[in-house]
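A closer look at the structure
What follows is the residue order along each chain.
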Amino acid sequence: MSTFQELGLNEDLLNAITDLGFEKPSEVQEKAIPLLLEEDKDLVALAQTGTGKTAAFGFPMLQKIDIDSRTTQGLILSPTRELCLQITNELKQYGKYCKGLNVTAIYGGASITDQARSVKRGAQIIVATPGRMKDMISRKLVDISKIQYSVLDEADEMLNMGFYEDITDILSHTPDDKSTWLFSATMPKEVSTIAKKFMYDPTEITVGNRNESTNNVSHEYYLVNARDRYQALKRLSDANPDIFSVIFCRTKRDTQKVAENLIEDGYSAGALHGDLSQNQRDIVMKSFRNKQIQMLVATDVAARGIDVDDITHVINYQLPDEIETYTHRSGRTGRAGKSGISMVIVSKSETRKIKSIERIIKKQFEQKEIPSGMEICEVQLMSLANKIHNTEANDEIDKYIASINELFVDTDKDELIKKFFSVEFSRFFNYYQKSKDLTVSDSRGSDRDGGRDYGKSSNDTRYFINVGRKDGFDWMKLKDFLKEQLELGRDDVFKVDVKESFSFFNTENEIKEKVLAFFTDFKHEGRFVNVEVSENRGRSGGGRRDRGRGRGRDDRRSGGGRNRRRDDKPRGDRRSSDRGERRSSDSRGDRRSSGSGNRSDRRSNDRGERRYDDSRNDRRSESSSSGSDRPRRSRRRD
Ligand code: ADP
Ligand code: MG
């Protein structure tokens, strides 16, 4: 593995790279950069999303163009406005020490005269969407006759979107002796056609297997009746309180509808599709990047290439028409070395598509069940307990302690905890207690995981364990960990479900005692790991509900360092990207949102400042009022 320096980049770029914190080149960069720097050649590079393609063509282009000249020398075509802006911003950062550099973005929906003016000022590099570019060429607002380097970024998607003619037209205005660099995640026929037509003996580099999905992503599918799709989506979200996700729908209409329903049901969601105005799309993307929106409902085209790290889940609300698209979707998560989950909600008639996808991604799906209402309640409760546990106590409260104490003088600790948690818990509980099971049985499930029937069997026990994603586990790692620790066989641990700071798993009832005994006073990497029977499926064997006092708890405070940020950043907080800033200026508002549950936080999202302006508002009444109205409203949908 080489360094950026060894790839031959100049001082200005290396300094910018240092500022950006890139430590070493990614694979596609390592392969493409020296090649492109060395000679003027055509290149076809296949690499999945998130592999750093922008820098792979951006650095060589920045180094090769003549910055002292004001002639346009580089042209980058990309499918969407969002990508166009993203690439422009990246290039500006890469070239921050290249004095005199002017990178201009050209895309539809914004003032064409402003863009033309910016080009006239001497843009050495233009990043454009094909439609607007063609428009500007025909109006003679740009001159690309002296282009030396052209890039077709996300070429497969541009062709998918029907830009073939536009691209052909645009390239016909560029000189024949330029170099063309084509970047694509997949290599369908159309892309090879365009490569043949416009490129001369291109060097081809491939990173990873073609069409292969990222390794950090696990794939799950959930079989439901088509009419339960939306309910299933809500449950998947409720079962993952810290979800930060992109939800893919097939059409713009469905995208809009699902987003609207989610918002109406109190989730922090937003829609991203081509029927929205550019301004609306910008606002949605900004909120998503800032994590003010937890669920971005999007069409494939609108979400293509969008570079947002930290996405925990991709949810395929519907499968794409072209199964190749699945790779792009699932590639939105599992980035920057983190693990991610790609979930697919399918109806029975679509299950065969799962098989075809497995062949393309060369990975197996795990069939899972939509969480039951009680599972969700437990997850929400434990998540809240964890948040409260991790919340720094606010000393401002000291002066009220006496009067609060007085109010609760006859309430013992357990009772108090119960009451306190009921504020949040009852809302979920009331909503879900009579909810039906959404899972549909499927013959396919039986050839999974050693033929075990996960159904409603009472032969297995479900456990809670106080380690989760932030401790570096995903379901596979946790399963392996448990099997190894307990010296169990391949299929003895199942239904492993990893949440942010805790998880669940099942074993046969027979080994329950062994599991519980093993995890008495068990320490892993210096902290106590608690395992308890989960109330959901282990009611008969329950009873060890001493979690709140457990040793593991206190230990966590000091120990759980690694991914702390997300864990202590519950929904309300996530709305601001610059949390620290707000904490200093408005620590009261910040605190308040920390202690509250999820739904009420979500709800205030679309109302923005309300929570902060309304600082006198009593938390208790706010949560309980939203509590009664949200489930009621959504229940109508059932
Ligand atoms: P792609 O176009 O392949 O989908 P991007 O070029 O958008 O990927 O890069 C994805 C993210 O990775 C960006 O945030 C980018 O800043 C970052 N990145 C690129 N190269 C490196 C590197 N060598 N080290 C660390 N981060 C990188
Ligand atoms: Mg890209």
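A short tour of the structure in this document, coming up. (Residues numbered from 1 in each chain as written. Chains lettered and ligands numbered in written order. Predicted model: local features only at pLDDT ≥ 70, side-chain atom pairs only at ≥ 80, totals over all residues. Heavy atoms only, no water.)

Let's shift gears to the packing of aromatic side chains. Taken as a whole and assessed by the stated rule, the structure comprises 20 aromatic pairs. Ring centres of F502 and F504 lie 6.0 Å apart, and the angle between their planes is 90 degrees; on these two criteria the pair is classed as edge-to-face. The residues F502 and F504 share a single accessibility class, namely buried. Put simply, the rings of F473, F481, F518, F519 and F522 pair up and form one aromatic cluster. Positioned above the aromatic ring of F528, the side-chain terminus of K523 is 5.2 Å from the ring centre. (Phe/Tyr/Trp six-rings, centres within 6.5 Å; stacked < 30°, edge-to-face > 60°. Buried < 20%, exposed > 50% of the residue type's maximum accessible area, 1.4 Å probe, protein only. Lys NZ or Arg CZ within 6 Å of the ring centre and 35° of its normal.)

Moving on, we get to the pattern of salt bridges. Here the structure, examined in full by the defined rule, presents 26 salt bridges. Between D166 and K134 there is a salt bridge, with the nearest N and O atoms lying 3.5 Å from each other. Highlighted residues: D166 in helix α8 (residues 164-171) and K134 in helix α6 (residues 130-138), separated in sequence by 32 residues. Among the residues examined, K134 registers a relative accessible area of 32% and is labelled partly exposed. Of the charged contacts, one joins R469 and E500 as a salt bridge, the two residues approaching to 3.3 Å between their closest N and O atoms. Separated by 31 residues along the polypeptide, R469 in the loop between β15 (460-465) and α19 (475-486) and E500 in the loop between β16 (494-498) and β17 (503-508) bring together distant segments of the chain. Overall, E500 belongs to the buried group, its relative accessible area being 5%. (Salt bridge = Lys/Arg side-chain N within 4 Å of Asp/Glu carboxyl O. Helix = DSSP H or I, 4+ residues; strand = E, 2+ residues; numbered from the N terminus.)

Of all hydrophobic cores here, the largest spans 40 residues; its most connected members are L9, F59, I76, L91, I125, W181 and F183. For this core, the element with the highest residue contribution is helix α3 (residues 53-64), accounting for six residues. Beyond its immediate stretch of four places on either side in the chain, F59 contacts F4, L9, L13, I17, I33 and Y94. Membership of the second largest hydrophobic core comes to 32 residues, among which are A116, V119, I194 and M199. (Core = buried A, V, L, I, M, F, W, Y, C linked by side-chain atoms within 4.5 Å. Contact = heavy atoms within 4.5 Å.)

All right, on to the environment of T327 then. Inspection of the secondary structure puts T327 in helix α14 (residues 325-330). C-alpha separation for the pair T327 and I360, spaced 33 residues apart in sequence, amounts to 8.4 Å.

Bringing the site of ligand 1 into the picture now. The environment of ligand 1 is formed by 16 residues, the closest being K24, Q29, G50, T54 and D307. At a separation of 2.9 Å, a nitrogen atom of ligand 1 approaches a polar backbone atom of K24. A total of 570 Å² of accessible area belongs to ligand 1 in isolation, and the protein chains cover 81% of it. Considering only residue class, the shell around ligand 1 consists of three nonpolar, eight polar and five charged. (Near = heavy atom within 4 Å. Polar contact = N/O pair within 3.5 Å; in protein donor to acceptor, adjacent residues only side chain to side chain. Areas by Shrake-Rupley, 256 points an atom, 1.4 Å probe, with all protein chains shown as cover. Nonpolar A, V, L, I, M, F, W, Y, C, P; charged D, E, K, R; others polar.)

Take the sheet that holds strand β10 (residues 269-272) next. The strand order across the open sheet formed by seven strands is β10-β11-β9-β12-β13-β8-β14, and the pairing between neighbours is parallel. The outermost strands of the open sheet, each flanked by one partner alone, are β10 and β14 (365-368). The sheet shows a mean angle of 25 degrees between the axes of neighbouring strands, direction not considered. When β10 meets strand β11 (residues 295-298), the two strands line up parallel, connected through four bridges. Paired with A271 across the bridge in β11 is V297. Strands in contact with helix α11 (residues 252-264) are β9 (245-248), β10 and β11; relative to β10, the strand with the most contacts, it is inclined by about 165 degrees. (Pairing = 2+ DSSP bridges. Axes fitted to C-alpha atoms, helices over the stretch in contact; angles between N-to-C directions.)

For the rest of this paragraph, the subject is the pairing of strand β8 (residues 217-223). Of all seven residues in β8, seven are buried; the element is thus mostly enclosed. Burial along β8 is two-sided: V217, H219, Y221 and L223 facing one way and S218, E220 and Y222 facing the other are all buried. Looking at chain direction, β8 and strand β13 (residues 340-346) are connected through seven bridges and run parallel. In the sheet register, E220 faces β13, and the bridge partner there is M343. For β8 and β14, the ladder comprises four bridges, and the chain directions are parallel. For Y221, the partnering residue across the bridge sits in β14 and is Q367.

As a packed pair, helix α16 (residues 373-390) and helix α18 (residues 413-432) sit with axes 9 Å apart at the nearest point and diverge in direction by 160 degrees. Judged on the interaxial angle alone, α18 and α16 are roughly antiparallel. Handedness of the α16/α18 crossing: right-handed. Counting all contacts with α16, which are made through G373, M374, I376, C377, Q380, L381, L384, A385 and I388, the residues of α18 involved are F420, F421, E424, F425, F428, F429 and Y432. Tallied by class, residues from the contact of α16 with α18 come to 13 nonpolar, two polar and one charged. (Parallel < 35°, antiparallel > 145°, perpendicular 65-115°, else oblique. Left-handed = near helix turned anticlockwise from the far one by under 90°.)

The analysis is restricted to geometry; functional conclusions fall outside its scope.
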